[in-house]
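Structural description and commentary
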Amino acid sequence: MAKENKNCNLKEYSFATEEIPRLSINNPETDKRIADGLPVVITDSGLVQSALHWDLDYLQENIGDGKFTVYKSNNKRFQYFDDKKVDSCKDFQKPMEHMDLTFSEFVSKLKTAKAGKDRVYLQQALNEGVGKRIVTDFLGFNWSWVTEQQKKNKFGALTSNLLLIGMEGNVTPAHYDEQENFFAQIRGYKRFIMFHPDQFKCMYPYPTYHPCDRQSQVDFDNPDFKRFPKFKDAKGYETVVGPGDVLFLPMYWWHHVESVPEQGHTISVTFWYKAGPIGNINYPLSPQQKVSMMRNLEKMIHQALNNADEVPEFMQNMVLGRYTDPPS
Ligand code: OGA
Ligand code: ZN
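These numbers come from a predicted model, not from an experiment.

Below, the discussion takes up unusual backbone geometry. Cis geometry marks the peptide bond from Tyr283 to Pro284, where omega comes out at 0 degrees. Mapped onto the secondary structure, Pro284 falls in the loop between strand S15 (266-273) and helix H7 (287-305). You will see that Asp91, though not glycine, has its phi angle at about 70 degrees, which is positive. With respect to the helices, strands and loops of the structure, Asp91 is situated in the loop between strand S4 (68-73) and strand S5 (97-101). Taking relative accessible area as the criterion, Asp91 reaches 71% and is therefore assigned exposed. Unusually for a residue other than glycine, Asn306 sits at a positive phi of about 60 degrees. Residue placement: Asn306 occurs in the loop between H7 and helix H8 (311-319).

Further remarks concern the nonpolar core. Among the nonpolar cores identified, the biggest contains 42 residues, and Trp54, Phe103, Phe106, Ile165, Phe182 and Phe271 are the most heavily contacted of them. Among all residues touching Phe106, those that are not within four sequence positions of it are Val70, Leu101, Val120, Tyr121, Leu122 and Ile165. The next biggest cluster of nonpolar side chains, apart from the first, holds 23 residues, and it includes Phe78, Leu164, Phe192 and Leu247.

With that out of the way, let us pick up the site of ligand 1. Residues in close proximity to ligand 1 include Tyr121, Leu164, Thr172, His175, Asp177, Asn181, Phe183, Lys190, His255, Val257, Thr270 and Trp272, which together make up its full environment. A distance of 2.6 Å is found between an oxygen atom of ligand 1 and a side-chain nitrogen or oxygen belonging to Thr172. A distance of 3.1 Å is found between an oxygen atom of ligand 1 and a side-chain nitrogen or oxygen belonging to His255. Isolated, ligand 1 exposes 290 Å² of accessible area, and the fraction of that covered by the protein chains is 95%.

What follows covers the environment of Pro207. Position of Pro207 among the secondary structure elements: in the loop between helix H6 (200-203) and strand S12 (235-241). Residue classification places Pro207 among the partly exposed positions, given a relative accessible area of 28%. Between the alpha carbons of Pro207 and Asp325 there is a distance of 22 Å; along the sequence they are 118 residues apart.

Moving on to the domain arrangement of the protein chain. When its domains are assigned, the protein chain resolves into domain 1 (16-273) and domain 2 (287-319). If you average the C-alpha positions of domain 1 and of domain 2, the two centres end up 28 Å apart. Listed by partner, the interface residues are 15 residues for domain 1 and 13 residues for domain 2. A per-residue breakdown of the area domain 1 buries against domain 2 is headed by Thr208, Tyr209 and Tyr252, which together make up 49% of the total. If you look at where domain 1 meets domain 2, you find 3 salt bridges.

Note on the zinc ion (ligand 2): its protein donors are His175 (NE2), Asp177 (OD) and His255 (NE2). The metal-donor distances range over 2.1 Å. Spacing between the donor residues of the zinc ion (ligand 2) along the chain follows H-x1-D-x77-H. Take His175: its relative accessible area is 9%, and that puts it in the buried class. Taking the relative accessible area as the measure of exposure, Asp177 reaches 14% and is therefore buried.

It is worth spelling out the sheet that holds strand S1 (residues 16-19) at this point. The 5 strands are arranged S1-S12-S11-S14-S9 in an open sheet whose pairing can be described as mixed. Edge strands, defined here as strands with exactly one partner in the open sheet, are S1 and strand S9 (171-175). Neighbour-to-neighbour, the strand axes of this sheet turn through a mean angle of 25 degrees, independent of strand direction. Inspection of the sheet shows S1 paired to S12 by 4 bridges, in the parallel sense. Looking across to S12, one finds that Glu19 is bridged to Glu238.

Once that is clear, we can look at the packing of H7 against H8. Between H7 and H8, whose axes approach to 10 Å, the crossing angle comes to 120 degrees. Relative to H8, the element H7 lies oblique. Where H7 crosses over H8, the two elements pack in a sense that is right-handed. Contact residues: Glu298, Ile301, His302 and Leu305 in H7; Val311, Phe314, Met315 and Met318 in H8. Split into classes, the residues belonging to the contact of H7 with H8 amount to 6 nonpolar, 1 polar and 1 charged.

Conventions and cut-offs
- Residues numbered from 1 in each chain as written.
- Chains lettered and ligands numbered in written order.
- Predicted model: local features only at pLDDT ≥ 70, side-chain atom pairs only at ≥ 80, totals over all residues.
- Heavy atoms only, no water.
- Helix = DSSP H or I, 4+ residues; strand = E, 2+ residues; numbered from the N terminus.
- Buried < 20%, exposed > 50% of the residue type's maximum accessible area, 1.4 Å probe, protein only.
- Core = buried A, V, L, I, M, F, W, Y, C linked by side-chain atoms within 4.5 Å.
- Contact = heavy atoms within 4.5 Å.
- Near = heavy atom within 4 Å.
- Polar contact = N/O pair within 3.5 Å; in protein donor to acceptor, adjacent residues only side chain to side chain.
- Areas by Shrake-Rupley, 256 points an atom, 1.4 Å probe, with all protein chains shown as cover.
- Domains from an automatic or database assignment.
- Buried area = accessible area lost by both parts, 1.4 Å probe.
- Salt bridge = Lys/Arg side-chain N within 4 Å of Asp/Glu carboxyl O.
- Donors = N, O, S within 2.8 Å, 3.2 Å for Na, K, Ca; no water.
- Pairing = 2+ DSSP bridges.
- Axes fitted to C-alpha atoms, helices over the stretch in contact; angles between N-to-C directions.
- Parallel < 35°, antiparallel > 145°, perpendicular 65-115°, else oblique.
- Left-handed = near helix turned anticlockwise from the far one by under 90°.
- Nonpolar A, V, L, I, M, F, W, Y, C, P; charged D, E, K, R; others polar.

Here is the structure:
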């Protein structure tokens, strides 16, 4: 069980959290939560049972000699950014560096970066380049369970299985994804702090045209409550996943992920699925649909003005003094 191995090393944040339930694959509540779009840790799905023997030596021998996407950061944060949006965003400082390394180059960096500087995080989709043994392990995943979930819940196509290998203490800052995810833990412990999509107003995501689109602007370690006052009201959920655990991470749910300090490196694999067909829209809209609508409106405005610099004033003219009074 993941729980006994953690608590002492976990940082306290400014917001309260509730535990995400840990349930068996056979518990009807598990399927209900997935169907309802709520996070749940499934403790015995066997989804990546065939990969629980993966460690750095085994992977180094069998994963192939191609190049892998590795991020390097000079602090513990690994904040994703969209390279395609960097050029149109003046003064943007890349929060981490992108490198293409062989697996053994990555492993030697991981082993020498202990002092806390020059941390690395491998984030590479599993693809054809991998060796025979990894292919066998991959084919041994519990595809029947996960594919049944995909069908029952009308998810779209599987887009990718991302292999994540992180150093203890690495942090992926809070963001949401536009895909459904079964997140499978293989080695080490990861703490997930999650927020419902209805907490959008507390999380203050960057504008959609910004390279850090979908990411919260709030620094959890040092929240600027003047700029982001509603972050005080944020109510989270959390869990720690360990080897064999699978977290259902529903689309649009905020998540901040930390590889638990002092517990060694972490190995995880994601199962990302596209959103299903929209179907009939029922009113009132769900928080998820509202986030999607806000994204579309923001993108339309940006596109029509054809200049990111004009968007803030346009948005302010639209709301200041007209929609900014607190609702009565
Ligand atoms: C994800 C994710 C980050 C991490 O799976 O969507 O953001 O550090 N993972 O595992
Ligand atoms: Zn994510």
